[in-house]
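So the chains spell out like this:
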Amino acid sequence: MPIKASELILNPDGSIYHLNLRPEHISDTIITVGDPDRVDSVTKHFDTIEFQTKKREFHTQTGTYKNKRITVISTGIGTDNIDIVFNELDALVNIDFDKREVKQKLTSLNIVRIGTSGSIQKEIPTDSFLISEYAAGFDSLLHFYESEHVQYPEISEALIQHLDWFKHKSRPYIVSCDQALYNKLSSSQTAQGFTATNVGFYGPQGRVLRLPVQDPKLNDKLASFNYQGKAITNLEMETAGIYGLAKLLGHKALSMNAIIANRASGTFSEDPKAIVDDLILYTLNKLTD
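First, a word on scope: everything that follows refers to the structure included in this document. None of these values were measured; they are calculated from a predicted model. (Residues numbered from 1 in each chain as written. Predicted model: local features only at pLDDT ≥ 70, side-chain atom pairs only at ≥ 80, totals over all residues. Heavy atoms only, no water.)

Let us look at the overall build of the protein chain. Counting secondary structure elements, the protein chain contains seven helices and 15 strands. Over its C-alpha atoms the protein chain spans a radius of gyration of 19 Å, differing by no more than 12% from the 19 Å that the globule rule assigns to 289 residues. Judged by the C-alpha coordinates and their principal axes, the protein chain covers about 50 × 40 × 40 Å. Burial statistics for the protein chain: of 289 residues in total, 53% are counted as buried. A sequence separation of at least 24 residues applies to 76% of the contacts in the protein chain between residues at least 6 apart. Carbon and sulfur atoms form 50% of the exposed surface of the protein chain, whose accessible area is close to 13,600 Å². Measuring between centres, the 30 positive side-chain charges of the protein chain sit 1 Å from its 36 negative side-chain charges. (Helix = DSSP H or I, 4+ residues; strand = E, 2+ residues; numbered from the N terminus. Rg over C-alpha atoms; globule rule 2.2 N^0.38 Å. Buried < 20%, exposed > 50% of the residue type's maximum accessible area, 1.4 Å probe, protein only. Contact = heavy atoms within 4.5 Å. Areas by Shrake-Rupley, 256 points an atom, 1.4 Å probe, with all protein chains shown as cover. Lys, Arg positive; Asp, Glu negative; His and termini not counted. Charge placed at Lys NZ, Arg CZ, Asp CG, Glu CD.)

Here we take up unusual backbone geometry. Even without a glycine there, the phi angle at Asn 20 is positive, about 60°. Looking at the secondary structure, you find Asn 20 in the segment before strand S1 (29-33). You will see that Gln 228, though not glycine, has its phi angle at about 50°, which is positive. For Gln 228, the position within the fold is in the loop between strand S11 (226-227) and strand S12 (230-231). Residue Gln 228 is classed as exposed on the basis of its relative accessible area, which comes to 66%.

Taken together, the side chains of Asp 127, Glu 270, Asp 271 and Asp 278 define an acidic patch exposed on the protein surface. For Glu 270, the position within the fold is in the loop between strand S15 (267-268) and helix H7 (272-287). (Patch = residues over 30% accessible without salt bridge, like charges linked within 9 Å, V, L, I, M, F, W, Y side chains within 5 Å. Salt bridge = Lys/Arg side-chain N within 4 Å of Asp/Glu carboxyl O.)

Judged by nonpolar contacts, the single largest core of 59 residues is most densely connected at Ile 31 and Leu 254. For Leu 254, the contacting residues outside a window of four places in its chain are Ile 111, Val 112, Arg 113, Ile 131, Ser 132, Cys 177, Leu 181, Tyr 182, Leu 185 and Tyr 243. Tyr 134, Ala 136, Phe 194 and Leu 222 belong to the second largest nonpolar core, which has 18 residues in total. (Core = buried A, V, L, I, M, F, W, Y, C linked by side-chain atoms within 4.5 Å.)

Let us now look at the pattern of salt bridges. Here the structure, examined in full by the defined rule, presents seven salt bridges. Residue Glu 238 pairs with Arg 113 through a salt bridge whose shortest N-O separation is 3.5 Å. Taken together, the positions of Glu 238 in the loop between strand S13 (234-236) and helix H6 (239-249) and Arg 113 in strand S7 (residues 110-119) put the pair 125 residues apart, joining distant regions of the chain. Each member of the pair, Glu 238 as well as Arg 113, carries the same accessibility label: buried. Two residues, Lys 221 and Asp 215, come together in a salt bridge whose shortest N-O distance is 2.7 Å. Here the two residues Lys 221 and Asp 215 agree in accessibility, since each one is buried. Here the residues in one salt-bridge network are Arg 113, Glu 236 and Glu 238, joined through shared partners.

On the surface, a cluster of nonpolar side chains totalling about 350 Å² of accessible area is made up of Phe 201, Tyr 202 and Leu 209. Mapping Phe 201 onto the fold places it in the loop between strand S10 (190-197) and helix H5 (218-224). Classification of Phe 201 by relative accessible area gives partly exposed; the value is 41%.

Considered for burial, the residues of helix H3 (residues 153-163) that qualify are Ile 155, Ser 156, Leu 159, Ile 160 and Leu 163. The buried side chains of H3 occupy one side of the element, clustering within an arc of 135° when seen end-on. Facing away from the buried surface of H3 by more than 90 degrees, the exposed residues are Pro 153 and Gln 161. Buried residues along H3 sit in contact with strand S8 (128-137), strand S9 (173-176), S10, H5 and S11. (Arc of directions from axis to C-beta.)

The residue Glu 133 is located in strand S8 in this model. The residues touching Glu 133, leaving out its near neighbours within four places in the chain, are Ser 176, Cys 177, Gln 179, Tyr 182, Gln 192, Gly 193 and Tyr 243.

Take the packing of helix H2 (residues 79-94) against H6 next. Contact geometry of H2 with H6 gives a least axis separation of 9 Å together with a crossing angle of 25°. Of the possible angle classes, the one that applies to H2 and H6 is roughly parallel. Both H2 and H6 take part in a crossing whose hand is right-handed. Residues Thr 79, Ile 82, Asp 83, Phe 86, Asn 87 and Asp 90 of H2 touch H6, and the partners they reach there are Gly 241, Ile 242, Leu 245, Ala 246 and Leu 249. (Axes fitted to C-alpha atoms, helices over the stretch in contact; angles between N-to-C directions. Parallel < 35°, antiparallel > 145°, perpendicular 65-115°, else oblique. Left-handed = near helix turned anticlockwise from the far one by under 90°.)

The structure is reproduced here in structure tokens:
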């Protein structure tokens, strides 16, 4: 049965609703960035740019780097936007827009996030690279999908007990990266990460300006959590959603983090743009090795 127009929404030009893209506009290798302006920071290194478009916070450019075709797209901040971007990217390669049917032969995308993050471990300093091997989702995104088979419930339960998790907050879920991408992009320059994906930047990450937080010791408890040698290393706002949806949809995903803050020591990078630029080049070169 064809997918209804209210579910698969297409623009008059045949492009997918939010991203404003048609299937021919994207590569099977995709770099996601949060900041729309960071798209240009990636593609300035490209040899060619064949396509670009902008709609809302979603900016997309497709081109080549060292003869490899790559698409760069901005997601904006948060897993709510990840839900839009990943479902629409998947639709572009795995749904026939004319027939409104799922294709019999499915395509698996390679998706790499390049983003910024704050460390909660003193030994992971600012201006370093971290790859998220695992991610803990403190949002509720994956709970809206049949997703238990891609989660690690034993780690979730241990985390809930360790944090004395407040019953009115969404239950944390644990997901992992694609191991092949991890092996390809890791090196002696990258720290191994277990990333906490938060639902906000201030209270959910323990920042207090004028509003008191429900658990002022949350970051300390996160930093002291350890499950069979796996310690939570850093905080950001997209990785768990990326890993969860990628696994559910049959794609490969990896999150690359430029550590621009260290919450344990209270320090912030003196030149965050430089470390992000370094991570961009590192990632591009690893993808084309």
